[in-house]
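# Summary of the model geometry
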Amino acid sequence: MPQLDLRIPTSAQEVSDTTKQAASWFDSHWQEWLASGVRIVFIIVLALVLRAVVRKLITQLIARMIKPSEDADEPGRLGGLLANTGVVNPERRQQRSEAIGSVLRSVASFTILGTAALMVLSALGVNLAPLLASAGVAGVAIGFGARNLVTDFLSGVFMIMEDQYGVGDEIDTGVATGTVLEVGLRVTKLRGANGEIWYIRNGEVKRIANMSQGWSTASVDVQVGYKEDLVRVEELIHETAEAMAKESPFDELVWAPMSVLGVESVAADSVVLRVEARTAPGKSLSVARALRQRLKTAFDLAGIKVKEEVAPAGGAAGTGTAATAVVLASASAPTDAAPPSALADPASPRYLATAPIPAPVKPADDAGAKSP
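Residues numbered from 1 in each chain as written. Predicted model: local features only at pLDDT ≥ 70, side-chain atom pairs only at ≥ 80, totals over all residues. Heavy atoms only, no water.

### What about the sheet that holds strand E4 (residues 197-201)?
Strand order in the open sheet formed by five strands is E4-E3-E2-E1-E5, and the pairing between neighbours is antiparallel. Sheet topology places E4 and strand E5 (209-210) at the edges, where each strand pairs with a single neighbour. In the sheet, strand E3 (residues 187-191) pairs with E4 via five bridges, with the strands oriented antiparallel. Paired with Thr-188 across the bridge in E4 is Ile-200. (Pairing = 2+ DSSP bridges. Helix = DSSP H or I, 4+ residues; strand = E, 2+ residues; numbered from the N terminus.)

### As for a nonpolar patch on the surface
On the surface, Leu-118, Leu-121, Leu-124, Val-126, Leu-131 and Leu-132 cluster together into a nonpolar patch covering about 500 Å² of accessible area. Listed by contribution, the elements that provide at least two residues to the nonpolar patch are helix H3 (90-123) and helix H4 (128-145). Residue position: Leu-118 is located in helix H3. A residue is classified by how much of its surface remains accessible, and Leu-118, at 34% relative accessible area, is partly exposed. (Patch = residues over 30% accessible without salt bridge, like charges linked within 9 Å, V, L, I, M, F, W, Y side chains within 5 Å. Areas by Shrake-Rupley, 256 points an atom, 1.4 Å probe, with all protein chains shown as cover. Salt bridge = Lys/Arg side-chain N within 4 Å of Asp/Glu carboxyl O. Buried < 20%, exposed > 50% of the residue type's maximum accessible area, 1.4 Å probe, protein only.)

### A word on the pattern of salt bridges
Oppositely charged side chains can form a pair if their charged atoms are brought close together. Applying the stated rule across the entire model yields eight salt bridges. In this structure, Arg-201 and Asp-152 form a salt bridge, with 3.0 Å as the shortest nitrogen-oxygen distance. With Arg-201 in strand E4 and Asp-152 in helix H5 (residues 147-162), this pair connects stretches of sequence that are 49 residues apart. A relative accessible area of 29% places Arg-201 in the partly exposed class. Classification of Asp-152 as buried rests on a relative accessible area of 2%. When the shortest N-O distance is used, the salt bridge between Arg-201 and Glu-204 registers 3.4 Å.

### Remarks on unusual backbone geometry
Here the amide bond leading from Ser-248 into Pro-249 is cis, since omega sits at 5°, within 30 degrees of zero. Examined against the element boundaries, Pro-249 turns out to sit in the loop between helix H6 (230-245) and helix H7 (250-253).

### Brief notes about the packing of aromatic side chains
Considering all chains together, one arrives at zero aromatic pairs under this definition. Stacked on the ring of Trp-215, the Lys or Arg Arg-278 has its end atom at 3.8 Å from the ring centre. (Phe/Tyr/Trp six-rings, centres within 6.5 Å; stacked < 30°, edge-to-face > 60°. Lys NZ or Arg CZ within 6 Å of the ring centre and 35° of its normal.)

### Looking at a negative patch on the surface
The grouping of Asp-229, Glu-234, Glu-235, Glu-239 and Glu-242 at the surface amounts to a negative patch. Following the sequence through the fold, Glu-234 ends up in helix H6. By relative accessible area, which is 30% here, Glu-234 ends up partly exposed. (Lys, Arg positive; Asp, Glu negative; His and termini not counted. Charge placed at Lys NZ, Arg CZ, Asp CG, Glu CD.)

### Some points on the packing of H6 against helix H8 (residues 284-302)
Contact geometry for H6 and H8: axes closest at 10 Å, N-to-C directions at 130°. As judged from the angle between their axes, H6 and H8 are oblique. At the point where H6 passes H8, the crossing takes the right-handed sense. Contacts from Arg-232, Val-233, Leu-236, Ile-237, Thr-240, Ala-241 and Met-244 in H6 reach Val-287, Ala-290, Leu-291, Arg-294, Leu-295, Ala-298, Phe-299 and Ala-302 in H8. Grouping the constituent residues of the contact of H6 with H8 by class yields 12 nonpolar, one polar and two charged. (Axes fitted to C-alpha atoms, helices over the stretch in contact; angles between N-to-C directions. Parallel < 35°, antiparallel > 145°, perpendicular 65-115°, else oblique. Left-handed = near helix turned anticlockwise from the far one by under 90°. Contact = heavy atoms within 4.5 Å. Nonpolar A, V, L, I, M, F, W, Y, C, P; charged D, E, K, R; others polar.)

### Looking at the pairing of E3
Of the two faces of E3, only one is covered, namely that formed by Thr-188 and Leu-190; the face formed by Val-187, Lys-189 and Arg-191 stays uncovered. Across four bridges, the pairing between strand E2 (residues 177-183) and E3 is antiparallel. The residue bridging Val-183 from the neighbouring strand is Thr-188, located in E3. Linking two consecutive strands that pair antiparallel, namely E3 and E4, is a turn of five residues; a positive phi of about 95° is found at Gly-195 within it.

### Focus: the nonpolar core
If you look at soluble globular proteins, the nonpolar side chains tend to sit buried side by side. Val-222, Ile-237, Met-258, Val-287, Leu-291 and Phe-299 are the most contacted members of the largest nonpolar core, which totals 27 residues. Breaking this core down by element, the ones donating at least two residues are strand E6 (216-225), H6, H7, strand E8 (270-279) and H8. The leading source of residues in this core is H8, at seven residues. The contacts of Phe-299, once residues within four sequence positions are left out, are Val-222, Gln-223, Val-224, Val-233, Leu-236, Ile-237 and Ile-304. (Core = buried A, V, L, I, M, F, W, Y, C linked by side-chain atoms within 4.5 Å.)

Below is the structure:
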């Protein structure tokens, strides 16, 4: 390749030679430049078109996933990936599919545009071997240092795809319990019962208990007197529960009729009945509180006692005898008595020291002189 003379020409002949040399150099390289430019433009256009097509396909795939099937009891093949029949409602499925679609579109864009950038650098004549080697070494180093980050990211992706929980759910992760405020690919944010905020790495979660999916169970223990008619009590409980289930907002919170499971425990003065009802997720406590309040009012109107008054045996005499027995038992029971006092012994020096000082005795002469 001829070397260019970069000296400033000082004569007409040098100017002519320099111009010819530049024209020759340009004439020998313009085709290569044009080919490289066309190649670069083609790579960029192809990458943008491919990116748009892939993003469009991902959007259509997600739309088919969340599209309800014609047979409500049997979702389609794609819809089955996000269905979780009986657990997730369509709104939750749509939110989850949008999150998954966003992740897939981001991965596709990064892959396509990154490959196109490397091809453009190759078309410009840049040697990619050192760059790829450095990127490989850096990737290995980052992989060792950020292995926890990769674990958290993958765990977050699978949590979103499987819909283990969502925003607003009440969950127990083992290390913290609370309401989900935000679900990320790396960290999940919870609001605890006392108002604190927990940031939990997705890779550290080993188990999850979701109290907001499907349905909840409201359990109420009803205590009545031992002598009450249990059949009448059960009928009153059923009437009260049915009346409450027809009122707003409990007509939407109670999903199944309340049932009396039977006697839970028996005591000398009372009997406990167990009542359960299937409610909306996370609403079991409010339904149970409302049912207790209504049962209390119904029992008061029906004259049902919650505890029998057991009179002591023997009447008044028995009462006196029992009181005497209590006194005797308390007197005979061992107690932590105080150590004996030294003042209790009349012969002890301390007891003698507490004796009053006697009055001084007047002399006999003084007494005779003063007498008349």
